[in-house]
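Reading the structure
Here is how the chains run, residue by residue.
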Amino acid sequence: MGEVMTGASGGSVVVDDRGDSVRAIALGDLARAGDDADAARRSLARHLKDAVRAESRRRTPGRIAMVVVLVLVLLAVNGFVVARIRGAGVLPTLTFWGGIVVIIVLVRIVARRKVVRELSSTAVAEGFCGSCGYTLADLTTAADGCVQCPECGAAWKAARVTRPHWVHRGATRAWEPAWWRRFIFGVASARDRLSPDDRGRFVAVVDSRLRAVPPTRRAEIGAGEVQRLSGRLRGIGRLWRILVSFIPFGLAAWAAYGAVAVMHLGEAVGAWVLAVIALVLAGVGVLFVRGHGFYSLPRAARAMVEEGLCGSCAGSLVGLAADGDGFVVCPSCGGAWKGGSTWVGGAAGVGGKGTRAEADGQGASPRGGVADAIDQSGRPAEGEQGRAAAGGSEERGG
């Protein structure tokens, strides 16, 4: 899928897989009813909205600079209202909070325009047209490997359909631990871990401690390997977490010093208050160091792929053959990744306990196991790989 441009009507357009410029998918298109894929389309619309929200929360240097500038402008406007308008009453408050809402909306719009191509790629990966949202089920694959949308004429490579909605009907996109486990261990929800795979489809990337990986898969990898992988993932953003933690740790030291000084003055109550403040600040510092701040989802996914594992579900990629575009498709979740010579094609790689057995059993498909979900008749594949994909979805749904 090619570059993103702006159409004459102001909407974004993308280039389909035949090189034609087509209108980028609009979330409103997905809410349209009229066929059996209606529920799946609504589910995709929610997924894409979550992806835009997750992207808008991503802290990039450009986005941080934009927010800082907008906040400074808002403060200047608010200061002008307070200084120049006598008897303004609640107007400054309304101006401030109204400006905050405008900033949030602007950040969301910028984030959406930034990932227009990825939103279309996600729709295609789930079996919908990346332009109009029409279902791609029951379409004939042309000689060039593309299926053409009968609604708008956009053409997409059948190999892009890695998680067809007609195969994974009703299945969840990613396994998640119970809410109380996420709360206790600080695991972000799947929708807060959305990031594009190497083909542009939004998937939930593994967390830094692999607690969002299904227990059966963790057991297959092995406790020692999980610990080693977690150590590598925890290294992402660690330096920045340590540097920022100096702020609460420094304030804690200052409060502790104040508590000692006040105690010497005979103010026991004040000393205890400062001591509690010092402990709270120190706890904040510890939580930040052990938290997930500055955890880069793209870097985490790439680290997993370099280990021969899917960046989304930690499924083994060892032994799976790449498709014609060089992507290896995870048979469990449909994530598409570009790997290296260290593991693609059955070479020795790090996959943990049981992964070589998985490679022996799933490495036969020349398309990585999921791409032939659309065969020459356009119907779901009934072979071993189609069943493997469906089985992976059922596991995630559990």
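Note that the structure is a prediction, hence the values are computed from the model and not measured.

What about the pattern of salt bridges?
Under the criterion given, the structure shown has 16 salt bridges. Through salt bridges with shared partners, a single network forms among Glu 225, Arg 228, Arg 232, Glu 306 and Glu 307.

Overview of unusual backbone geometry
The phi dihedral of Asp 138 falls on the positive side, at around 60 degrees, and the residue is not glycine. When you line up the elements, Asp 138 lands in the loop between helix H5 (116-125) and strand E4 (146-148). The exposure class of Asp 138 is partly exposed, given its relative accessible area of 46%.

Some remarks on H5
For H5, a buried count of 9 out of 10 residues is recorded, marking the element as mostly surrounded by other parts of the structure. Those residues of H5 that fall on the buried side of the exposure criterion are Val 116, Glu 118, Leu 119, Ser 120, Ser 121, Thr 122, Ala 123, Val 124 and Ala 125.

Observations concerning the packing of aromatic side chains
Summed over the entire model, instances satisfying the criterion amount to 3 aromatic pairs. On the basis of an interplanar angle of 80 degrees and a centroid distance of 5.1 Å, the ring pair of Phe 96 and Trp 97 is categorised as edge-to-face. Trp 97 sits in the exposed class, given a relative accessible area of 54%. Summarising the aromatic geometry, the rings of Phe 288 and Phe 294 are spaced 6.3 Å apart at their centres and angled 75 degrees between planes, so their arrangement reads as edge-to-face. Joined through ring pairs, the aromatic side chains of Trp 240, Phe 288 and Phe 294 make up one cluster.

Thoughts on the side chain of Asp 16
The topology assignment puts Asp 16 in the loop between strand E2 (12-15) and strand E3 (21-23). The side chain of Asp 16 sits in the buried core without any salt bridge; Arg 18 is the nearest counter-charge, 6.7 Å away. A polar atom in the side chain of Asp 16 sits 3.0 Å from the backbone nitrogen of Arg 18. If we ignore the near neighbours within four places in the chain, the residues touching Asp 16 are Val 22, Ala 154, Ala 155 and Trp 156.

Looking at the nonpolar core
Grouped together as the largest cluster of nonpolar side chains are 27 residues, with contacts concentrated most on Val 206, Leu 210 and Leu 233. Counting only elements with at least two residues in this core, the list comes to helix H8 (223-234) and helix H11 (297-306). Counting residues per element, this core draws most heavily on H11, at 6 residues. Excluding its chain neighbours within four sequence positions, the residues that come into contact with Leu 210 are Arg 218, Val 226, Leu 229, Leu 233 and Met 304. Counting residues in each nonpolar core, the second largest holds 17 residues, with Val 124, Cys 132, Cys 149 and Trp 166 among its members.

Topic: the packing of helix H2 (residues 38-56) against H5
Between two packed helices, the angle of one axis relative to the other and the distance separating the axes together describe the packing. Across the interface, H2 lies against H5 with an axial gap of 11 Å and an inter-helix angle of 150 degrees. Relative to H5, H2 is oriented roughly antiparallel. Regarding H2 and H5, the two cross each other, and that crossing is right-handed. In this structure, H2 uses Leu 44, His 47, Leu 48, Ala 51 and Val 52 to contact H5, whose residues at the interface are Leu 119, Thr 122 and Ala 123. Of the residues assigned to the contact of H2 with H5, the class counts are 6 nonpolar, 2 polar and no charged.

Focus on a nonpolar patch on the surface
A cluster of nonpolar side chains, namely Leu 239, Trp 240, Ile 242, Leu 243, Phe 246, Phe 249, Val 286 and Phe 294, defines an oily patch on the protein surface of about 780 Å² accessible area. Here the nonpolar patch takes 6 residues from helix H9 (residues 238-264), the largest share from any one element. By secondary structure assignment, the location of Phe 249 is in helix H9. Using a relative accessible area of 31% as the deciding quantity, one classes Phe 249 as partly exposed.

A closer look at the pairing of E2
Residues of E2 alternate between two faces, with Ser 12 and Val 14 on one and Val 13 and Val 15 on the opposite face, all of them buried. Bridging between E2 and E3 involves 3 bridges; their strand directions are antiparallel. Counted as the bridge partner of Val 14 is Val 22 from E3. Counting the residues that bridge the hairpin from E2 to E3 gives 5 residues, and of these Gly 19 lies at a positive phi of roughly 85 degrees.

Quick look at H2
For H2, with 19 residues, the first-to-last C-alpha span of 27 Å sits near the 27 Å given by 1.5 Å per residue. In terms of residue burial, H2 counts as a mostly covered element, since 14 of its 19 residues are buried.

A word on the confidence of the model for the chain
Mean pLDDT for the chain: 81, with 80% of residues reaching 70 or above. Here residues 4-10 scores under 50 on pLDDT; set against residues more than four positions off or in separate chains, the count is 17 contacts. Predicted confidence is poor over residues 375-398, with pLDDT under 50, and the contacts of this stretch with residues over four places away or in other chains come to 49 contacts.

Some points on the state of the cysteines
All chains considered together, the criterion is met by 0 disulfides. Cys 129 forms no disulfide, and the closest cysteine sulfur to it belongs to Cys 152, at a distance of 3.5 Å. In this structure Cys 330 is not part of a disulfide, and its nearest cysteine sulfur, from Cys 313, lies 3.5 Å away.

Thresholds, definitions, all that
Residues numbered from 1 in each chain as written. Predicted model: local features only at pLDDT ≥ 70, side-chain atom pairs only at ≥ 80, totals over all residues. Heavy atoms only, no water. Salt bridge = Lys/Arg side-chain N within 4 Å of Asp/Glu carboxyl O. Helix = DSSP H or I, 4+ residues; strand = E, 2+ residues; numbered from the N terminus. Buried < 20%, exposed > 50% of the residue type's maximum accessible area, 1.4 Å probe, protein only. Phe/Tyr/Trp six-rings, centres within 6.5 Å; stacked < 30°, edge-to-face > 60°. Lys, Arg positive; Asp, Glu negative; His and termini not counted. Polar contact = N/O pair within 3.5 Å; in protein donor to acceptor, adjacent residues only side chain to side chain. Contact = heavy atoms within 4.5 Å. Core = buried A, V, L, I, M, F, W, Y, C linked by side-chain atoms within 4.5 Å. Axes fitted to C-alpha atoms, helices over the stretch in contact; angles between N-to-C directions. Parallel < 35°, antiparallel > 145°, perpendicular 65-115°, else oblique. Left-handed = near helix turned anticlockwise from the far one by under 90°. Nonpolar A, V, L, I, M, F, W, Y, C, P; charged D, E, K, R; others polar. Patch = residues over 30% accessible without salt bridge, like charges linked within 9 Å, V, L, I, M, F, W, Y side chains within 5 Å. Areas by Shrake-Rupley, 256 points an atom, 1.4 Å probe, with all protein chains shown as cover. Pairing = 2+ DSSP bridges. Expected span 1.5 Å × (residues − 1). pLDDT = per-residue confidence, 0-100. Disulfide = S-S within 2.5 Å.

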